[in-house]
Amino acid sequence: MTRSSSGVLRSVGVAGLAAFLAILTWGFPAIYADRYERPALPATATTPPAHPKPSAEQDRIYMQETVQKAPNPGVAVQGRDGYVFFGDDFMSNFAQALGRRYYSPQEVASTTATIESERSWLKARKISMEFIVAPAKWSIYPDKLPAWSDGQSLQHIVDQLLASDPRSIMDLRPDLAAARASHQTYSKKNSHWTPYGGYVAFKSIAAQLKASYPQLGTIHVPTLSSVTTVNEQNEFTSLTKDPGPNDWTVPHFSPGLPGYDVVLANGTRVPQAPGTSLDITQAPVQTASATAGNTHRALILADSTVTSLSPYLAAGFGSTMIVRHFIDNPDQAPSIPALVESYHPDIVLTITTERNLNDPIRDLQMWQSALDYDKAAKGSTASWTVGGATASTISVAGPTNLSGPLTVTLPKSLTTSTAIRIHVNSSAPAMVDLSGTTKAGPFSIPLRIGPGPTTTFATVPAGITNQAFTLVASSGSRVVTAMDISARGLP
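Thresholds applied
Residues numbered from 1 in each chain as written. Predicted model: local features only at pLDDT ≥ 70, side-chain atom pairs only at ≥ 80, totals over all residues. Heavy atoms only, no water. Helix = DSSP H or I, 4+ residues; strand = E, 2+ residues; numbered from the N terminus. Buried < 20%, exposed > 50% of the residue type's maximum accessible area, 1.4 Å probe, protein only. Contact = heavy atoms within 4.5 Å. Areas by Shrake-Rupley, 256 points an atom, 1.4 Å probe, with all protein chains shown as cover. Pairing = 2+ DSSP bridges. Salt bridge = Lys/Arg side-chain N within 4 Å of Asp/Glu carboxyl O. Phe/Tyr/Trp six-rings, centres within 6.5 Å; stacked < 30°, edge-to-face > 60°. Lys NZ or Arg CZ within 6 Å of the ring centre and 35° of its normal. Right-handed = clockwise from strand over helix to strand, strands pointing away. Axes fitted to C-alpha atoms, helices over the stretch in contact; angles between N-to-C directions. pLDDT = per-residue confidence, 0-100.

I would appreciate a short explanation of the overall build of the protein chain in the present structure.
When you go through the protein chain residue by residue, the secondary structure sums to 13 helices and 21 strands. Evaluated residue by residue, the protein chain yields a buried proportion of 55% over its 491 residues. Counting only contacts in the protein chain whose residues sit at least 6 apart along the sequence, the fraction spanning at least 24 positions is 74%. Accessible surface, the protein chain: about 20100 Å² in total, of which carbon and sulfur atoms supply 56%.

Would you mind showing me how to read helix H7 (residues 157–164) here?
Side chains of residues three or four places apart in an α-helix project in the same direction, reflecting 3.6 residues per turn. All of the buried residues along H7 are Ile157, Val158, Gln160, Leu161 and Leu162. Of the surrounding elements, those touching the buried residues of H7 are helix H4 (93–97), helix H5 (105–123), strand E3 (128–134), strand E4 (170–171) and helix H8 (173–179).

For this particular structure, what's the right way to read the pairing of strand E8 (residues 269–272)?
In regular strands, side chains alternate between the two faces of the sheet. Direction of pairing for strand E7 (residues 260–263) relative to E8: antiparallel, over a ladder of four bridges. Bridged to Asp261 within E8 is Pro271. Connecting the antiparallel pair E7 and E8 is a turn made up of five residues, with Gly267 showing a positive phi of about 95°.

What is the right way to read the pattern of salt bridges from this model?
Where side chains of opposite charge bring their charged atoms close, a pairing between them can arise. Overall, the coordinates contain 13 salt bridges when judged by the stated rule. Two residues, Asp159 and Arg173, come together in a salt bridge whose shortest N-O distance is 3.0 Å. Of this pair, Asp159 sits in helix H7 while Arg173 sits in helix H8, and the two are 14 residues apart along the sequence. The exposure class of Asp159 is partly exposed, given its relative accessible area of 26%.

Can you help me understand the packing of aromatic side chains in this one?
One pair of aromatic rings is described through two measures. These are the centre distance and the angle between the planes. Evaluation of the coordinates by the stated rule reveals 15 aromatic pairs. An aromatic cluster of at least three residues, connected via ring pairs, comprises Tyr62, Phe85, Phe94 and Trp148. The ring of Tyr343 carries the charged tip of Arg297 above its face, separated from the ring centre by 4.2 Å.

Would you mind showing me how to read the pairing of strand E10 (residues 297–302) here?
The buried fraction of E10 amounts to five of the six residues, a majority that puts the element mostly inside the structure. Of the pairings in the sheet, the one linking E10 to strand E11 (residues 319–324) comprises six bridges and is parallel in character. Bridged to Ala298 within E11 is Thr320. Chirality of the crossover, the property in question, places the unit of E10, helix H11 (residues 310–316) and E11 among those that are right-handed. One ladder, built from four bridges, connects E10 with strand E12 (residues 347–353); its direction is parallel. For Leu299, the partnering residue across the bridge sits in E12 and is Val348.

Could you clarify how one ought to interpret the sheet that holds strand E19 (residues 452–460) in this entry?
Strands belonging to one sheet form pairs held by backbone hydrogen bonds; the direction of such a pair is parallel or antiparallel. Strand order in the open sheet formed by four strands is E13-E21-E16-E19, with antiparallel pairing between adjacent strands. Among the strands making up the open sheet, the edge pair consists of strand E13 (381–385) and E19. Put simply, the sheet's adjacent strands are angled 15° from each other on average, direction ignored. Alignment of strand E16 (residues 418–426) against E19, held across nine bridges, turns out to be antiparallel. From the neighbouring strand, Val424 faces E19, where its bridge partner is Thr454.

Would you take a moment to explain the environment of Ile219 for this structure?
Positionally, Ile219 belongs in the loop between helix H9 (195–212) and strand E5 (224–231). For the pair Ile219 and Lys203, spaced 16 residues apart in the sequence, the C-alpha separation amounts to 9.4 Å. For Ile219, the residues in contact, after removing those within four places along its chain, are Phe202, Ala206, Leu209, Gly316 and Phe317.

I tried to follow the side chain of Gln96 on my own but got confused; where do I start?
Topologically, Gln96 is positioned in helix H4. Those residues in contact with Gln96 that lie beyond four places of it in its chain are Met91, Arg101, Trp138, His156, Ile157, Glu354, Arg355, Leu357 and Asn358.

Looking at this structure, how should I read the confidence of the model for the protein chain?
Scored by pLDDT, the protein chain comes out at a mean of 89, with 89% of its residues at no less than 70. Confidence drops under pLDDT 50 across residues 1–45; counting only partners more than four residues distant or on other chains, this segment forms 93 contacts.

See below:
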C-alpha cells in the first residue's frame, strides 16, 4: 500500500516552517475566519448554522502542545498507547481531528449541493451514486488521541455534512468503530485502515448499497474465517524515523477470494491471483469478473484507501474502472461526465479519505449547468463539431486549441438563457474562460479542464451581444482543443 497523496509529504527538516505556519493558521481566529469562511454559495441555497469556533483557551493548549512541545508538529502528533497521527502538513489532519478545521456554513451548503447535483445528473441517466468517506483514524480511535486533547474536540466536517444533508455521504464510522472490539481496524502507525478494516468497510458499503439500490442485487461479501497480525506498514518510519513495530491485521476467508482480470487498453484480459490488491498508482485501471454474479459496471473514483477494498470491488462487480479522484489536488481531477460517457457505468462510487475534505468539493457551477442542459432537452439543440462546419448550426472563429479567443456565435433562435455543453481534450490541467457581454455588462464563467478528455457545462445568460461568447485558455495548458459544442435554450 502506498501513502495517500492527499498532501505533499514534507521532510522532517521543515518542522520549523510548519510550526510558524501553524501559529499563523490556527492561533488567531480572525485569520482562520478569513481563510475558511469566504462566501462561496449561490444566494438561493439553504445556509446551515455556523460551527462553534475554538475558544481562546483551546487555542492556547493547541499551540502549546502541537507547536511548542512537539518535535515535528506538522508531520506527526503522538497519541496515547503508541498511536501516532498525521500533523497539519497533511491536509490540516490534526486540526480536523479536533474540529478546528471545519466548514463555514457556505462551504457546507456548497459541498452538499455539489454532491446532490451530481447525484441528480447521474440519476437522470439511471446511474446510482454514492460519496463514501473513508474515516480518519481519529474518527474511529478518538480515545487514542493525546491526553491533552481531551475536551478539545469540536464537530467534524463529516458531521457537519450529515447534519445538513443526511444523504450527502455514506457513513462507515459506526461499523468500523464496532469492529475494533474484535480486531484493529486501524493500526498505531499508519493513517489508513488495516486490511481487516478494509474488509469491514467493504462489508458496510455492500450492505448500504443493497439497502439503497436493491436493483443492484447481491454484491458478494466473503465469509471471514480468521484474522492474523503482522508487523508491517509503519507509515512513520520514513517521516520521523519511528522504527515500529506496527500491528497490521489481515483477514482470511473461507472459501477464499476469487480471482479477477485486469483489462488492458487493447482489451486483453490479464488474470489476477485471488485476493490481489490494486494500488491507486496503477489507475486508471479496469477490471472484469466472470464470477461476480452480475454484469454491473462500477466507476470508482478513489485514492490510496482503495488498496484494501480493491480485491472485493473487483470480485463484486462484473466490471470496474478505478480512477484517481484527485479531491486532494482538484486541478488534476478527471471529468466525471466524460468518464460516464466513455465507460457507461451503472453506479459511480467516490471513495475519499476523510482528511481530503479539508478542501470543499468543487464544480457546483458545472453540475448545476449540466442539470440546466438536461432541463432544456425538449427544446432544439444547436451544435458545432470540429471538422464538421457544413453541418454545424453554431459558428466558430479563431483557434480551436483555445490559445487565443475562440468566438462562438449561437443561432438567433437562442435568445433565452442558454445551457452549453463543451467537449475538449487537454494535454494538462487548465482553466478556460467563457466570457461575453449582455446589456447588464460583461460576464465571465471559469471552466475547470482536467487532463485528457473533459465534458463541461456552463449556463450563458440571455441577451448576449451579437449572440456570441468567447472561449480562451486562461491558465495551465495552452493545448486545450475544442472538439464539439452544443447549446440548448432554457425554457
